[in-house]
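Now for the letters of each chain:
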Amino acid sequence: VARPSTRRRSAPGPILLVEDDPAIRRMMQMALEDEGYEVVAVSDGFDALGAIEQRRPGLILLDLRMPRMNGWEFAESYRALPGPRAPIVALTAGRDLSAKAAEIGADAYLGKPFDLEQLIAIVRTVTGRRPPGR
Amino acid sequence: VTQQPPGLFGLLVESVIDYAIFALSPTGHVLTWNEGAQRIKGWRAEEIIGRHFSAFYPPDDIASGKPDAELVLASSEGRWEDEGWRIRSDGTRFWANVVITALRDGTGQLVGFGKVTRDLTERRAAERERLRLATRERAAKAATAAAFQALRGRDEFLSVAAHELRTPVTSLLGYVQLARRQTQAADEIDRARLANLLELADDQSHRLAGLIDQLLDLSRLELGYLRLDRQPVELGAWIEEIAERLRAVFVGRELVVRTAGRPVVIEADALRLEQIVTNLVDNAAKFSPDAAPIEVEAGLGPDGLPRLAVRDHGPGVPREHQQRVFDRFYQAQGERHYGGMGLGLYISRQIAELHGGALTYEEVDGTGARFVLRLPQPASG
């Protein structure tokens, strides 16, 4: 019996970065790529679902307040998808970070602004691995 | 009228001190008097017996015929009760509860009236004091509620402001840390990358400064400190100049400028007008597709008054939001967030109004949002 290829977890997918602010998105992408991670960056939940259709991510960094489809709506749609689920790290500049992270069932959260060390540390912790090749 | 020595009942009535109890003749003349009457009204029996009971009423009641009217009512109804001001022998007023009862003999013949009067001045004062305190308490509660409302507003404001300031701070901090990593790299420094990171950090610093300027403008507007520096401005030449600056900011975006055939000179604060146009173009860029042009128009409107319009080809503002887009923080609220503090249109409208003009949203046929700035009469005909 052939198993669907999406079930195989031998090659973990890229980090999916969902962030509407172009400057933050670019900065985070640069920082993560410097660390050797592969990053797919999109500007809202809608594009994130599109990216997931193309390729399953190994980790999702998710901003909450976004136009078109925000973090809450994305998390709900993502949970409804079949197949393995990547851990989610919620990103927000707002108040009540932990409560908001709990609302979307995030595995961790990161408050803005953050130090790059914090970003890298949380990505390592949640993925449980160092980037490939390190 | 003959005075008879009082029996036991008469003695009882005479000795009551909390109520004035006395009899009136059918014509309203005082026939008897008791302790209470003397205590409440001040007259001694020999001073008042035989006098008409209108002596107890204030002059305006006497003028309106109230004492006799009360006897007529007591006679026809059998009993009449009233509450109102009465006069003591020394001319001072007291608040009285008065009951007048018609007295009739076995054949139904009216023989006089019984009158019972209580002094309710203190009770009335206490009642009024209670009402006054209740009113004051209500006012205090309303003031407290308003203060809490204002605090909530301030809290909301701080929350929105903090959120919006954190966004450029996040990217600024990130770019600076990436740049620092470059300088600490073991191998050779990538100068081009370092320069690029510093440029990105520079952009974010300006963005942060812009948000702080907006907050300061808001504060100046709220306090009425925002002052205009009016100079003659020729709209056509001015808008071309602004458009050049905007094209440098919105790289790759088509900005179409249309001006009037002839010069239109207004008295305006050019920097503040630029702030409005920049804000409108920034909104147009944010809410319409990248490929669609943004149109800026400057000249005279159909009413002959100077005006500036910015139009985009996006989805436009839904009808239910059209009035509220000018509210403070409107855009910044909610989780479907497009970035920004939600102050741009609010501040722009305030600046328009300081100029004696107006900033409005107008429907466009088909699609797109169109904001129109109307300005007062040109400086010279």
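Residues numbered from 1 in each chain as written. Chains lettered and ligands numbered in written order. Predicted model: local features only at pLDDT ≥ 70, side-chain atom pairs only at ≥ 80, totals over all residues. Heavy atoms only, no water.

(A) The arrangement of the overall build of chain B in detail. Each helix and strand counted, chain B has 10 helices and 11 strands in total. Here chain B holds 381 residues, and the buried ones make up 39% of them. Sequence-distant contacts, at least 24 apart, represent 56% of the contacts inside chain B between residues at least 6 apart. Summed over all atoms, the accessible surface of chain B reaches about 21100 Å², with 55% contributed by carbon and sulfur. (Helix = DSSP H or I, 4+ residues; strand = E, 2+ residues; numbered from the N terminus. Buried < 20%, exposed > 50% of the residue type's maximum accessible area, 1.4 Å probe, protein only. Contact = heavy atoms within 4.5 Å. Areas by Shrake-Rupley, 256 points an atom, 1.4 Å probe, with all protein chains shown as cover.)

(B) Geometry of the overall build of chain A. When you go through chain A residue by residue, the secondary structure sums to five helices and five strands. In chain A, which comprises 134 residues, the share counted as buried stands at 51%. Here the contacts in chain A between residues at least 6 apart in sequence split such that 62% fall between residues at least 24 apart. Of the roughly 6400 Å² that chain A leaves accessible, carbon and sulfur atoms contribute 48%.

(C) Spotlight on the interface of chain B and chain A. On the chain A side, the residues contacting the 28 residues of chain B number 29 residues. Buried surface at the junction of chain B and chain A, both sides included, amounts to about 2500 Å², of which 49% is carbon and sulfur. Our count for the chain B to chain A interface comes out at five salt bridges. One salt bridge in this structure joins D34(A) and R193(B), with 3.0 Å as the shortest N-O distance. Counting every contact that joins chain B to chain A gives 10 residue pairs in polar contact (both at pLDDT 80 or more). Of all the secondary-structure elements, those providing two or more residues to the side of chain B that touches chain A are α6 (121–184) and α7 (191–223) of chain B. By residue number, the principal contributor to the side of chain B that touches chain A is α6(B), which donates 15 residues. Here the residues of the side of chain B that touches chain A sort into eight nonpolar, 12 polar and eight charged. (Buried area = accessible area lost by both parts, 1.4 Å probe. Salt bridge = Lys/Arg side-chain N within 4 Å of Asp/Glu carboxyl O. Polar contact = N/O pair within 3.5 Å; in protein donor to acceptor, adjacent residues only side chain to side chain. Nonpolar A, V, L, I, M, F, W, Y, C, P; charged D, E, K, R; others polar.)

(D) A look at the environment of M28(A). All names here are of chain A. Inspection of the secondary structure puts M28 in helix α1 (residues 22–34). Assessed through its relative accessible area of 0%, M28 is described here as buried. For the pair formed by M28 and L61, sequence separation is 33 residues and the distance between their alpha carbons is 9.8 Å. What M28 contacts, discounting residues up to four positions off in sequence, is L17, L61, L91, F114 and L119.

(E) Quick peek at the pattern of salt bridges. Residue and element names in this part refer to chain A. Counting across every chain of the model gives 34 salt bridges over all chains. As a salt-bridge pair, E19 and K112 come within 2.8 Å of each other at their nearest N and O atoms. Placement of E19 in the loop between β1 (15–18) and α1 and of K112 in the loop between β5 (108–111) and α5 (116–127) is noted, with a sequence separation of 93 residues between them. You'll find E19 and K112 in the same group, each marked buried.

(F) Representation of the sheet that holds strand β9 (residues 306–311) of chain B in the model. All names here are of chain B. The strand order across the open sheet built from five strands is β6-β8-β9-β11-β10, with neighbouring strands paired in mixed fashion. Every other strand in the sheet has two partners, leaving β6 (255–259) and β10 (358–362) as the edge strands with one partner each. Across the sheet, the mean angle from the axis of one strand to that of its neighbour is 15 degrees, orientation sign disregarded. Sheet analysis places β10 next to strand β11 (residues 370–374), joined by five bridges and oriented antiparallel. Residue E362 lies in a different strand from β11, and its bridge partner there is R370. (Pairing = 2+ DSSP bridges. Axes fitted to C-alpha atoms, helices over the stretch in contact; angles between N-to-C directions.)

(G) Focus on the side chain of E274(B). All names here are of chain B. You can see E274 is positioned in helix α9 (residues 270–287). A polar contact of 2.7 Å, which involves the side chain of E274, links it to the side chain of R245. Sequence-distant contacts of E274, that is, excluding residues within four places in its chain, are made with W238, I242 and R245.

(H) Geometry of the packing of aromatic side chains. All names here are of chain B. Applying the stated criterion across every chain yields a total of nine aromatic pairs over all chains. Seen in terms of ring centroids, W43 and F56 are 5.4 Å apart; in terms of plane orientation they differ by 55 degrees. Their pairing is tilted. You can see W43 sitting in the loop between α2 (35–41) and α3 (45–48) and its partner F56 sitting in the loop between α3 and α4 (59–63), a full 13 residues away along the chain. Judged by relative accessible area, W43 falls into the buried class, the value being 8%. Judged by its relative accessible area of 0%, F56 is buried. (Phe/Tyr/Trp six-rings, centres within 6.5 Å; stacked < 30°, edge-to-face > 60°.)

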